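A look at the structure
If you want the building blocks of each chain, they are given just below.
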Amino acid sequence: MGIGIAQVAASVACIPRVTLIDASPAQIERGRRFMDALLAKDVAKGKLTAQQRDAALGRLHVAADGIPALADGCDFVIEAVSENPAVKRDIFSTLASTLPEDAVMATNTSSISVTRIGASAGERADAVIGMHFMNPVPVIKLVEIIPGLATSDATLARTLALAHAMQKTTTMSRDMPGFIANRILMPYINEAIFALQDNISSIGDIDTTMKLGTNVPMGPLTLADFIGLDTCLAIMRVLHTQLGDSKYRPAPLLVQYVEAGYLGKKTGRGFYEYAAKP
């Protein structure tokens, strides 16, 4: 997600510099290769010129020293780490004490309360907002915008302006568990896993039924593998815990797969098996 967001931002001519930070240098290198491949495809398809590709890559920089590199001149940060509340709170606490006073701090969380994350920024909670991109970011046009309880009108305006500069369509959600997309999507995926667990049908038939029957690009179990089963489980647990309704109870089979390390496409196995990349 972070690489996809960085690619889209770097492709906007009015954004002079995009700085990419990751705790893992190897992950950054894999991301850079992935970005190079996507941009090369766009050039081959005529969506970009070679000059536009080179300009986008020229705007992208990697900060080896992490968040301290953002202290000078960074005016907008988009965090895209895993759905771990403690990790996000630590990041936003550090950002609040590091960034210039007028910087906006956006979180790409897919389910965690923006207000809760914003509280970690202390007096700068007004500069924290949810900016939930969809995966793959360069392809899907939607961004959910989620103001927290303390988010200022100025922060909201700047976030909308950036999303529109990225040529994204925005929707607005209240700061409620799951927001719009995952409040609807994750119970759908979870119910497909219950259907598999209860031996109603096979993996392939469940996916084919929903793909062809509802005219979506992929079935729910394929989509779960693509998202990451650990991410699906984390979101279901947020919905279940914070809304307190048993209809959000994660399917035991989903829990079992995650405990087994079958996290989906990123680990080579989820509901389907995937060939290792060379």
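Reading the values: the criteria
- Residues numbered from 1 in each chain as written.
- Predicted model: local features only at pLDDT ≥ 70, side-chain atom pairs only at ≥ 80, totals over all residues.
- Heavy atoms only, no water.
- UniProt positions renumbered as here; feature names shortened; annotations may be inferred.
- Helix = DSSP H or I, 4+ residues; strand = E, 2+ residues; numbered from the N terminus.
- Buried < 20%, exposed > 50% of the residue type's maximum accessible area, 1.4 Å probe, protein only.
- Contact = heavy atoms within 4.5 Å.
- Areas by Shrake-Rupley, 256 points an atom, 1.4 Å probe, with all protein chains shown as cover.
- Lys, Arg positive; Asp, Glu negative; His and termini not counted.
- Charge placed at Lys NZ, Arg CZ, Asp CG, Glu CD.
- Axes fitted to C-alpha atoms, helices over the stretch in contact; angles between N-to-C directions.
- Parallel < 35°, antiparallel > 145°, perpendicular 65-115°, else oblique.
- Nonpolar A, V, L, I, M, F, W, Y, C, P; charged D, E, K, R; others polar.

By the naming in an unreviewed UniProt entry, the chain goes by 3-hydroxybutyryl-CoA dehydrogenase and is assigned to Caulochytrium protostelioides. Per UniProt, the chain carries the Sequence similarities (unreviewed entry) text "Belongs to the 3-hydroxyacyl-CoA dehydrogenase family."

Our next topic: the overall build of the chain. Within the chain, the regular secondary structure consists of 11 helices and seven strands. Principal axes of the C-alpha set define a box for the chain whose edges measure 55 × 45 × 30 Å. Within the chain, buried positions represent 42% of all 278 residues. Long-range pairs, those at least 24 residues apart, make up 66% of the contacts in the chain with a sequence separation of at least 6. Summed over all atoms, the accessible surface of the chain reaches about 14200 Å², with 55% contributed by carbon and sulfur. Once the 26 positive and 27 negative side-chain charges of the chain are each reduced to a mean point, those two points are 5 Å apart.

On to the packing of helix α9 (residues 220-227) against helix α10 (residues 229-243). Where α9 meets α10, the closest approach of the two axes is 6 Å, and the angle between their N-to-C directions is 100°. Here α10 runs roughly perpendicular to α9, going by the angle between their axes. Only L229, T231 and C232 of α10 make contact with α9, whose side of the interface consists of A224, D225 and I227. Its residues assigned to classes, the contact of α9 with α10 shows four nonpolar, one polar and one charged.

Glancing now at the UniProt feature "domain: 3-hydroxyacyl-CoA dehydrogenase C-terminal" (unreviewed entry) in the chain. UniProt records the feature "domain: 3-hydroxyacyl-CoA dehydrogenase C-terminal" (unreviewed entry) at residues 178-274, using the numbering of this structure. When the span residues 178-274 is considered, its composition is 63% helix and 0% strand, and the gap between its end C-alpha atoms is 28 Å.

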